[in-house]
Amino acid sequence: MIQKSNHKGYALNRETLKQDRPLWLFLAALIIAGFILYPMLPEQVPSHWNWKGEVDDYASRAFGAFGMPLLALGLYIMMLVLPFIDPKRENYARFGAVYRLLRWGIVLFMTGLYAVTVLAALGHSVNVGMLVKGGVAVLFILIGNVMGQIQHNYFVGIKTPWTLANEEVWRLTHRLGAKIWVLGGLVCLAMAPFQTIWSAYVFIAVITVMALVPVIHSYLVFRRSA
């Protein structure tokens, strides 16, 4: 587990932006890669695969080259800006290191999706289903590993009417959610190599449990504390 950050770890201060410089360079490299790859890509780039790992939708060459890099950049900027308008923005100082790890996690996940899409578009043999599901599972595990350290806020974490209304409900919900997301992520990771309908059902069922159980738990805890 990552140790809780002190108040110097506030997500939007100058020191944090300085610490994010490697991430800026990484994002810039993604945009540059788009310009390099654009002339190499076909007119139609695979953009979606079914549960069998077969391509069932395509996007334009421009989207294939720049879609993921720009989306990664947009998500990163959004994560920097949102705390400015959060009524609980002072709490970000209490999980600054965790918030930074989440920014990195999201960008690296989008980079992985970008690499898989480009390799497939260039004709390389890539097990897209396994890699994408594996990446999603690893992201779940990462988020679950730090979820218990996310402090009360309006943008990051398990946001239900009951967690937002009560900080103790928030704490208890995220403590349970952390365990469920790590366990669910491990199950999803185990399902990643399989390209079968039953593994797809298990994958979806696990994600459903990961989403619903913390919500129900937050309601029950709130009712007990009322």
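Quick caveat, the model's predicted, so the values are computed rather than measured.

Peer 1: So, the pairing of strand E1 (residues 44–49): which residues are in play, and what are the values?
Peer 2: Where E1 and strand E2 (residues 55–60) come together, five bridges link them in antiparallel fashion. From the neighbouring strand, Pro46 faces E2, where its bridge partner is Tyr58. What sits between E1 and E2 in their antiparallel hairpin is a turn of five residues, with Gly53 showing a positive phi close to 85°.

Peer 1: A description of the layout of surface pockets should follow, citing residues and the corresponding values.
Peer 2: Space left empty within the atom packing is revealed by a probe, the size of a water molecule, rolled over the atoms. The computed volume of the largest pocket comes to approximately 570 Å³. As for the largest pocket, its lining consists of 30 residues, of which Ser47, His48, Trp49, Val128 and Val132 are closest to the centre. Listed by contribution, the elements that provide at least two residues to the lining of the largest pocket are E1, E2, helix H3 (61–81), helix H4 (96–121), helix H5 (128–147) and helix H8 (197–225). Looking at which element gives the most residues to the lining of the largest pocket, the answer is H8, with six residues. Here the lining of the largest pocket is built from residues that sort into 18 nonpolar, eleven polar and one charged. Roughly 390 Å³ of internal volume is contained in the second largest pocket. Lining the second largest pocket are 23 residues, and of these Met79, Leu102, Phe155, Val156 and Gly157 lie nearest its centre. When residues of the lining of the second largest pocket are traced back to their parent elements, those giving at least two are H3, H4, H5 and H8. Of the residues forming the lining of the second largest pocket, the biggest block, five residues, is contributed by H4. Of the residues assigned to the lining of the second largest pocket, the class counts are 20 nonpolar, two polar and one charged.

Calculation notes
Per chain, residues are indexed from 1 in the order of the written sequence. Totals for whole chains, interfaces and linings use all residues, but because this is a predicted model, local features are given only for residues with pLDDT of at least 70 and pairs of side-chain atoms are given and counted only at 80 or more. In computing side-chain properties, one takes all heavy atoms of the structure into account and sets aside hydrogens as well as water. By this definition, two strands are paired if DSSP reports at least two bridges between them. Helical segments are the DSSP runs of H or I of at least four residues, strand segments are the runs of E of at least two, and each set is numbered from the N terminus. Any residue with an atom within 4 Å of a point lines the site, the site being either a cavity, points on a 1 Å grid over the protein atoms alone where a 1.4 Å probe fits but cannot get out, or a pocket, an open set with protein on both sides within 12 Å along at least 5 of 7 lines. Grid points are joined across faces, edges and corners, and a volume is the space filled by probe spheres set on the points. Note that Gly is not counted as nonpolar here; it falls among the polar residues with everything else outside the nonpolar set of Ala, Val, Leu, Ile, Met, Phe, Trp, Tyr, Cys and Pro and the charged set of Asp, Glu, Lys and Arg.

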